[in-house]
Amino acid sequence: AVTVFAISAPLEREDALADLAHRHGHRVAVRAARASELVERLAHVEVDAVLVAPEPPHLDGDLVRACDAAGVRVVAVVDDAAQAGAARALGVESVRFADGFPAIEWAIVTPHAAARESRPRGRVLVVWGPAGAPGRTTAAIGLATELAGRGQRVALVDADSHAASIAPALGLLDEAPGFAAAARLVRTSSLTVDELDRVAQPLQTSVGDVAVLTGITRAGRWPELAADRVAGVLDACRDWMDWTVVDVAASLERDEEISSDVFGPRRNAATIAALRAADRVVAVTGGDPIGMTRLLRAYPDLVDVVPSDRVAVVVNKVRTGGSG
């Protein structure tokens with residue numbers, strides 16, 4: 001169905017929203033520089049929804065009240081968690097511009113109170129591989145980018161408790177690792193979608209944007225990635241993104257749980273918790289005798305953690321010199 005929009009935003013954003021609306025088969029009836037002007041125009045023009053920037057002069061209480069009285073939906077188009085919070089303070093739902101116009105369409109047609117509850121939850125894809133360097137991180141980055149290129153909202157998470165490498169691979173600064181910060185928020189029951197936006201680093205690619213939760217900067221920080229915290233972060237990610245791609249460490253050993261009666265953090269808990277939370281697991285191995293042997297030896301431990309029907313094996317680095 002064709003939706004008739006009114007828009008108030010900075011000129012560049014206003015032009016972008018109007019162009020997207022037209023490209024998706026909708027109509028823009030009103031474009032205003034200020035909320036007060038928009039209120040005056042709405043008294044004479046019928047619209048179905050109002051798109052606004054989340055700050056003055058484009059959004060204020062008078063506009064919200066006028067739209068409520070007319071039964072018109074107001075959606076703030078935001079760039080970050082701070083802007084989303086400003087819109088929420090006025091009782092206005094927000095949509096990230098980076099999520100694309102389909103997210104705006106969804107917000108318009110979905111009842112406000114039920115929007116998040118009725119939207120399908122996102123999925124978790126974990127990239128695992130045996131010891132060595134089979135290409136887990138490269139595969140995770142490639143999968144996240146490919147999903148983003150298909151119009152999906154994507155998070156890339158570094159849950160490797162032994163040698164986190166997504167940040168250096170992408171050239172991102174990681175003095176404050178996002179995944180550890182999210183895990184601490186789980187501990188205090190304060191992890192929200194807005195907080196995930198805050199602690200994530202944006203990665204802009206030629207095909208789409210990816211939100212990155214960087215890994216721990218020192219291997220000695222692994223106790224911060226307890227199993228319940230990792231599971232809590234990935235559960236919150238389902239309400240945040242369509243897909244969460246997780247890079248994990250190789251080791252699946254759980255002997256320390258048997259050999260010790262003392263409750264404490266487990267070095268491989270992050271990997272095992274992520275695998276248990278996964279909807280799909282991509283097992284990456286090198287295409288050479290050593291890599292294949294390592295996969296075959298570790299595979300029984302893998303399917304002991306996650307059902308085999310969720311696992312897809314990918315053979316990487318296939319070349320004649322290595323595989324014969």
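Residues numbered from 1 in each chain as written. Predicted model: local features only at pLDDT ≥ 70, side-chain atom pairs only at ≥ 80, totals over all residues. Heavy atoms only, no water.

Turning next to the packing of aromatic side chains. Within this structure, the stated rule accounts for 1 aromatic pair. When the centroid spacing of 5.7 Å and the interplanar angle of 75° are considered together, the rings of Phe 5 and Phe 101 count as edge-to-face. Linking Phe 5 in strand 1 (residues 4-8) with Phe 101 in helix 5 (residues 101-109), this pair joins segments that are 96 residues apart in sequence. Just as Phe 5 is buried, Phe 101 falls in that class too. If you follow Arg 13 out to its NZ or CZ, it ends over the ring of Phe 97, 4.0 Å from the centre. (Phe/Tyr/Trp six-rings, centres within 6.5 Å; stacked < 30°, edge-to-face > 60°. Helix = DSSP H or I, 4+ residues; strand = E, 2+ residues; numbered from the N terminus. Buried < 20%, exposed > 50% of the residue type's maximum accessible area, 1.4 Å probe, protein only. Lys NZ or Arg CZ within 6 Å of the ring centre and 35° of its normal.)

Mapped onto the elements, Met 241 comes out in the loop between helix 11 (227-238) and strand 10 (243-247). Along the primary structure Met 241 and Arg 153 are separated by 88 residues, whereas in three dimensions their C-alpha atoms are 5.1 Å apart. Leave out the neighbours within four places in its chain, and Met 241 touches Arg 96, Gly 122, Arg 153, Val 154, Ala 155 and Ala 211. (Contact = heavy atoms within 4.5 Å.)

This next bit is on a nonpolar patch on the surface. Together, Met 292, Val 313, Val 315 and Val 318 give the surface a local cluster of nonpolar side chains, amounting to about 310 Å² of exposed area. Relative to the helices and strands, Val 318 is located in the loop between strand 12 (311-316) and helix 15 (320-323). Note on Val 318: relative accessible area 57%, which makes it exposed. (Patch = residues over 30% accessible without salt bridge, like charges linked within 9 Å, V, L, I, M, F, W, Y side chains within 5 Å. Areas by Shrake-Rupley, 256 points an atom, 1.4 Å probe, with all protein chains shown as cover. Salt bridge = Lys/Arg side-chain N within 4 Å of Asp/Glu carboxyl O.)

Spatially, 5 strands are ordered 2-1-3-4-5 in an open sheet, and the strand pairing comes out parallel. The open sheet has two free edges, formed respectively by strand 2 (27-32) and strand 5 (93-96), since each of these has just one partner strand. Along the sheet, successive strands turn relative to each other by an average axial angle of 30°, direction set aside. As paired strands, strand 3 (residues 49-52) and strand 4 (residues 73-78) are joined by 4 bridges and run parallel to one another. Paired with Val 50 across the bridge in strand 4 is Val 74. Packed on one face of the sheet, helix 2 (residues 35-42) meets strand 1, strand 2 and strand 3 and runs near 130° to strand 2. (Pairing = 2+ DSSP bridges. Axes fitted to C-alpha atoms, helices over the stretch in contact; angles between N-to-C directions.)

In total, this model carries 17 salt bridges according to the counting rule given. With a closest N to O distance of 2.6 Å, Asp 62 and Arg 65 form a salt bridge. Taken together, the residues Asp 62 and Arg 65, both in helix 3 (residues 61-70) and 3 residues apart, mark about one turn of the helix. With relative accessibility at 53%, the residue Arg 65 sits in the exposed group. Across the pair Arg 221 and Glu 224 runs a salt bridge, and its minimum N-O distance is 2.7 Å. Classification of Arg 221 by relative accessible area gives buried; the value is 15%.

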